[in-house]
Amino acid sequence: MVAVHSEFNGNVIEVAGLTRRFGAKAALVEVRLSVPRGTVFGLVGVNGAGKTTLIKHVLGLLKAATGSVRVFGQDPAADPAGVLVRVGYLSEEPELPGWMRVGELLRYTRAFYPNWDPKFAEELRQSFTIDPTAKVKHLSKGQRARVGLVLALAHRPELLVLDEPSSGLDPIVRRDILGAIIRTIAEEGRTVLFSSHLLHEVERVADRVALIDHGRVVFSGALDNIKETHHRLTLRFPEPRPHPPALAGALTWEGHGMEWAAVCAGQLDELKNAVDACGAQVVEQRVPSLDEIFVARVGPKCSERVKE
Ligand code: ATP
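Rules used in this analysis
Residues numbered from 1 in each chain as written. Predicted model: local features only at pLDDT ≥ 70, side-chain atom pairs only at ≥ 80, totals over all residues. Heavy atoms only, no water. Near = heavy atom within 4 Å. Polar contact = N/O pair within 3.5 Å; in protein donor to acceptor, adjacent residues only side chain to side chain. Helix = DSSP H or I, 4+ residues; strand = E, 2+ residues; numbered from the N terminus. Nonpolar A, V, L, I, M, F, W, Y, C, P; charged D, E, K, R; others polar. 1 Å grid on protein atoms, 1.4 Å probe; cavity = no way out; pocket = protein on both sides within 12 Å on 5 of 7 lines; lining within 4 Å. Points joined across faces, edges and corners; volume = space filled by probe spheres on them. Domains from an automatic or database assignment. Contact = heavy atoms within 4.5 Å. Buried area = accessible area lost by both parts, 1.4 Å probe. Salt bridge = Lys/Arg side-chain N within 4 Å of Asp/Glu carboxyl O.

Trainee: How should the site of the ligand be read in this particular structure?
Mentor: Taken together, 13 residues lie near the ligand, and Asn47, Gly48, Gly50, Thr52 and Thr53 sit nearest. Within the backbone of glycine 50, a nitrogen or oxygen atom sits 2.9 Å from an oxygen atom of the ligand. Between an oxygen atom of the ligand and a side-chain N or O atom of threonine 52, the distance comes to 2.7 Å. Those elements that place two or more of their residues in the shell around the ligand are strand 2 (25-35) and helix 1 (51-58). When residues in the shell around the ligand are grouped by element, the largest group, three residues, is from helix 1. Of the residues in the shell around the ligand, the class split is four nonpolar, six polar and three charged.

Laid out in structure tokens, this is it:
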């Protein structure tokens, strides 16, 4: 594998104060994001949260009206070619020329990238079992995604950007995509930014995560740190309760009667002290999944999630 050599040593992506409006709609609000070199960065959020709009700014397809976007220290909207030659990009539904054969498309795309590695492209094509003589228009959605992935990876990009790469794809293609992400990071110094709804997949591969909701970054950080600072506690109360108590740090509640479970943010010691003060006992505690943290952070308010 080829290591990355670059004079640029700061964060690969640096977004500050980025606000984007489409008419009255604020798609991004004061977004701040830093993606360090060599990380796999997962951007998570529901449909319409603003993930694609953010990615479009990173790729220089949208120019920051308010705030700034830097990729490799450069403004991607001011110098798209200079930035994009170092970036591999795969969108949810890659637009590929249907009339071309796969082999022709690989040769054609190669012309745009000085660092294209034909041996690696061929390895990828074979591992994804794509027929080079097949016309793109005859490929299934999954096969097109695999071709898109070969095109995104074969020039050995310093930054790989994947926008919802696995939506609607079968588990085998998803596994290929995740395998490719992992292979990419295995190469020294390469960085991956990917957006996804599939939080268990994000959890498997991401080092860092940003949760975006209604255009705002709700939280962002190292996945390990996010997991360490969230807890799912099941509490037993001496008497049945119609509602859960006001517990500092509780983000969301589920339960009824004497047993209530909360996903909480904060230090475990402090949370347990707060539980004691409520007269309850912790009967179970575990690390919540990213999915549970996500729902707790952006889901409905506690009272609306209460199961009576
Ligand atoms: P999805 O997961 O569905 O792709 P997303 O998180 O990528 O969603 P965006 O596509 O970035 O979300 O959209 C954010 C918001 O901005 C949405 O409300 C969307 O309707 C709006 N939006 C995005 N692009 C445009 C546009 N060109 N014109 C008007 N509104 C837009």
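Trainee: What am I meant to see in the layout of surface pockets here?
Mentor: The rolling of a water-molecule-sized probe over the atoms marks out the regions of remaining empty space. In this structure, the largest pocket encloses a volume near 630 Å³. Lining the largest pocket are 20 residues, and of these Tyr89, Glu95, Thr109, Tyr113 and Leu151 sit closest to its centre. At the level of elements, strand 5 (87-90), helix 3 (102-110) and helix 5 (141-153) are the ones that each hand at least two residues to the lining of the largest pocket. Per element, the largest residue contribution to the lining of the largest pocket is four residues, and it comes from strand 5. Grouping the constituent residues of the lining of the largest pocket by class yields 15 nonpolar, four polar and one charged.

Trainee: Looking at this structure, I do not really get the domain arrangement of the protein chain. What am I missing?
Mentor: Bring the parts together and some accessible area is lost; that lost area is often taken as the interface size. Looking at the protein chain, the domain boundaries give domain 1 (13-225) and domain 2 (229-304). Computed from C-alpha atoms alone, the centre-to-centre distance between domain 1 and domain 2 is 36 Å. Opposite the 13 residues of domain 1 that make contact, domain 2 presents eight residues. Buried area between domain 1 and domain 2, summed over both chains or domains, comes out near 900 Å², and the portion from carbon and sulfur atoms is 77%. Across the domain 1-domain 2 interface, the total number found is zero salt bridges. Where domain 1 packs against domain 2, one counts two residue pairs in polar contact (both at pLDDT 80 or more). For the side of domain 1 that touches domain 2, the secondary structure elements donating two or more residues are helix 7 (199-205), strand 8 (208-213), strand 9 (216-222) and helix 8 (223-228).

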